[in-house]
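Examination of the molecular architecture
Chain by chain, the residues run as shown.
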Amino acid sequence: MSDKKPNNKTDENNDLKKRSDKNKKKRKLSIFRVVLVSIIILGFIGAGATAGIVMSIIKDTEPIDGSNIYETLEKSSFMYDSEGQLIEKIESNSYRVIVDYSEMPEHLIDAFVAIEDERFWTHKGIDIKRIIGAAWTNLTTGSRQGASTINQQLAVNLYLDRSDATYTRKIKDAYYGILLNRQLSKEQILEAYMNTIWLGSGAHGVQAASQVYFSKDVEELTIAEAALIAGITKYPTRNTPIVTLNKEDVQDHHVVLDDSDSAYTIVMSENIDKYTIPRQKLVLDAMKRLGYITESEYQDALNEDIKSNLNPNRNINQNISSFFGDLVKKDVIEALVDNGYTEDEATNMLYYGGLRINTTLDTKIQTILDEEYSNSDSFPKISYSDRSKLLSKEGFTEDENGNILDAEGQIQPQSAMVISDPKTGQIKAIVGGRNTSGKRVFNRALSPRQPGSSIKPIAVYAPAIESGFTAGTIVDDVPGYFNSSSPNSPWPRNFYSKFKGLITFREAIERSGNVIAVKVANMLGTNTMIDYMRDMGITTAYSNDDPVTINGNIYSDQNLSTALGGMTRGVSPLEMNAAFNVLANGGTYTKPTTFTEIFDRHGNLILENNITQHRVITEQSAYIVTDMLNGVTSSPRGTGRNANIGRMPVSGKTGTTDDKKDAWFVGYTPYYSASVWIGSDQPVSLTSGSPSAARLFSTVMKRVHEDLEVKNFEMPDGIVRTNICTVSGKRPTEYCYDDPRGSTVRSELFVKGTDPKDYCDVHVKAEVHDPSGKLATDLTPPWQITTKIFIKRPIPYNPEENGGIVPIDYQYELPTEYYDPIEDGLGITFPGGSIDGEDPDKDPTEDDDENNGQNIDSESENEDNDIIDSSDEN
């Protein structure tokens, strides 16, 4: 082997220039040689190309200058907003430190040569023997064995598009491999190669890999460690020994290597025994076979506990960006992989391919969002009781505005918001945290949290309307018994204190009743509920057939608690936004998108991000639910009145979890949709629940809609309007107008064909004995008979069987007892008193309401069985 490093680098550079000029004179000879080799290659792979075609490809190939290798390492990609303005240069997530060849240990160099190009020191840039062997193997076995030399790999890294797998590119990299061999020494080629090769986990080059995996410099690497790094070269994503995970994704079986970060944890790769270590052993075998290491060194390396050697350098293993930019990067890589690129190729294209990425970001809307999120007054505080608990923890402090700062300096409570176009799914603005600037590591817009009652339209009401229920369907808001672990205790409870009795779907969703939501979910079936949630893009809805395992325990969301937002992991603000877009977009789910087009560095379109959609519910069902949700923000009884933005209609839903630990509002206008979440990274109680989220929605969306024309949600064909009785859900009779509470007749929207045909049979007229309130008989004194309108429940309700709980409408229930002249008197008055002992001067209705309010269920009486949504605040 020749010397590892030339003595004089200045003389070396001069020599390179001279050699480059000389090479130009010998270009014809080089081309001829490459033509012959290329014909051999194409002959074995069956391409059938002619020598003339090969000559033409080489003739059109751009010349290279090997003397300026390090100037060609990176070609940054750029993101542009929806108006074509530059918004971000994609900073490489890699770590690269250039080291001289002389600083690289011999066993590290030998490891790479042994596994990547064992005839490196003798070939002229391409390995004809390897080409023939690979071609024969591919022909006889059907595999795809490569034959690229280190020269060719370096050429691809520096000058070509790795994702281009055409034979044209293969001819070019062979040609460049030969040119590099003529322009540079073997040591210079190897130095450049080992400083540029991607080695997984953000490491480009051997010095970076040495620091990323072992927190040491290359000269300190053992033979075993050098072999592991060299083995990563093929499939770096698969062969890397470490993986960085979100904290919520870390499970018991993971081997944690570094848990010092607040958002991410570095763990040992689950592939280490399947791929990483076998690949390391393959390198060691090659080194021994080629005589680079002795049998003793080989055995020592095999016996070295390489897993114990892993010591990730946290400071250089960061992969962070802006909230929106981070999401764009993720989506671009996924889209490229879906279009046939490997993950390694896609990642290299993003960071080093000089791509132009046209994004969906609306800079004006994003600016509004950023400005409002910088205002501390827009957010609630942590409750007094939990405040003192947090401040007692090490590192927690309080700022001048009364906000809590955690040990990482993050303000609490936190928040996230996503704004999108429901028609296209394009994300227009996103914030994943408040009071942060520059680089972020934790995007809360992508992190699942318990959704509370905001899930009801998605999990319950939309599936119900699609299944034939209507906005006028009646459900009895009386105690239900759905807790199998405590079957004799009412569950769930409403956040409001009194059961309402017979009410419509519309009123139930406006009031955010828990009992009605669970009853409807029970009628639908929990499997139906999960199916619809998944169809609307909620990936964290787990069924019995597809559960999630956490810390060795198996969990499913296929239960009635999910109807109230009590889920295993919850839902992210991004997925909540996409789910509500189904309702805003006429029943069609549209996959959220962050970019529209990707161009290569030459301006060629390489990927157009077409809209991905599928229908979930009909246009008519979506419109009915939209109209119901409009009442949440516009009705006097609606829980989302704080989300109102003026004349522009808003449909949406509030949600607050137990003890106000999570506050939500998710809603939409005819133009945009938005999801708002507020809560603490360490779940604690807030001073305000859903009203604070609704107010933030209103503040932001008022500004977003300032210059937009007011318009209503578009009603599709197939919707009819019919008067109904809101007690029976049927067509009204004259009795409905005479209800003692006032007329119960309302105009309601229906999907054509689901509008009621029958007439109300819940309202009834009856004669009663006025003093006793019992039904009159033939024996009842005529002067004590009154004709009244009552309600007669389709399913009778008895307070005595339900702990004495009396719904509000129970006082209007048709009496079940009849007048008894002996017990109730004859109604004849004598001097000095009445025959039945009643005071003749007493108002007979004076005590009518005496017992109507007893034993009313209240919000404070929460059961501690299942998760309960206790909180959409009025």
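Below or above, wherever it landed, is the structure these notes cover. Note that the structure is predicted; figures quoted are calculated from it, not measured. (Residues numbered from 1 in each chain as written. Predicted model: local features only at pLDDT ≥ 70, side-chain atom pairs only at ≥ 80, totals over all residues. Heavy atoms only, no water.)

Now for the overall build of the protein. Tallying secondary structure elements over the protein gives 27 helices and 29 strands in all. Considering the protein as a whole, with its 874 residues, one finds that 54% of them fall into the buried category. Within the protein, residue pairs in contact and separated by at least 24 positions form 71% of the contacts whose partners lie at least 6 positions apart. For the protein, the accessible area works out to roughly 38400 Å², and carbon and sulfur atoms hold 46% of it. (Helix = DSSP H or I, 4+ residues; strand = E, 2+ residues; numbered from the N terminus. Buried < 20%, exposed > 50% of the residue type's maximum accessible area, 1.4 Å probe, protein only. Contact = heavy atoms within 4.5 Å. Areas by Shrake-Rupley, 256 points an atom, 1.4 Å probe, with all protein chains shown as cover.)

Time to look at helix H25 (residues 690-704). Compared with an ideal rise of 1.5 Å per residue, which puts 15 residues at 21 Å, H25 spans 21 Å between its outermost C-alpha atoms and is within 8% of the ideal. Burial analysis of H25 places eleven of its 15 residues in the buried class, the great majority of the element. Within the span of H25, buried status applies to Ser-690, Pro-691, Ser-692, Ala-693, Ala-694, Leu-696, Phe-697, Ser-698, Val-700, Met-701 and Val-704. Buried positions along H25 lie against helix H17 (363-373), strand E10 (414-420), strand E20 (651-656), strand E21 (662-668) and strand E22 (673-679). (Expected span 1.5 Å × (residues − 1).)

Further remarks concern the pairing of strand E11 (residues 427-431). Strand residues, when the strand is regular, have side chains that alternate between the two faces of the sheet. Summarising burial for E11: five of the five residues are buried, a large majority. Following E10, the chain reverses through six residues before pairing antiparallel with E11; Gly-425 in that reversal takes a positive phi of roughly 80°. (Pairing = 2+ DSSP bridges.)

Counting residues in each nonpolar core, the largest one holds 113 residues, and the members touching the most others are Ile-357, Ile-419, Ile-458, Tyr-461, Met-533, Ile-538 and Leu-583. Sequence-distant contacts of Ile-357, defined by excluding residues within four places in its chain, comprise Phe-78, Met-79, Tyr-80, Ile-90, Val-328, Val-332, Leu-350, Phe-595, Glu-597 and Ile-598. Grouped together as the second largest cluster of nonpolar side chains are 66 residues, Phe-120, Ala-192, Val-218 and Tyr-298 included. (Core = buried A, V, L, I, M, F, W, Y, C linked by side-chain atoms within 4.5 Å.)

Now for helix H7 (residues 167-183). Relative to the 24 Å expected for 17 residues at 1.5 Å per residue, H7 spans 24 Å between its end C-alpha atoms, a close match to the ideal helical length. Counted residue by residue, H7 has twelve buried out of 17 residues, so it is predominantly covered. All buried positions along H7 are accounted for by Arg-169, Ile-171, Asp-173, Ala-174, Tyr-175, Tyr-176, Gly-177, Ile-178, Leu-179, Leu-180, Asn-181 and Gln-183.

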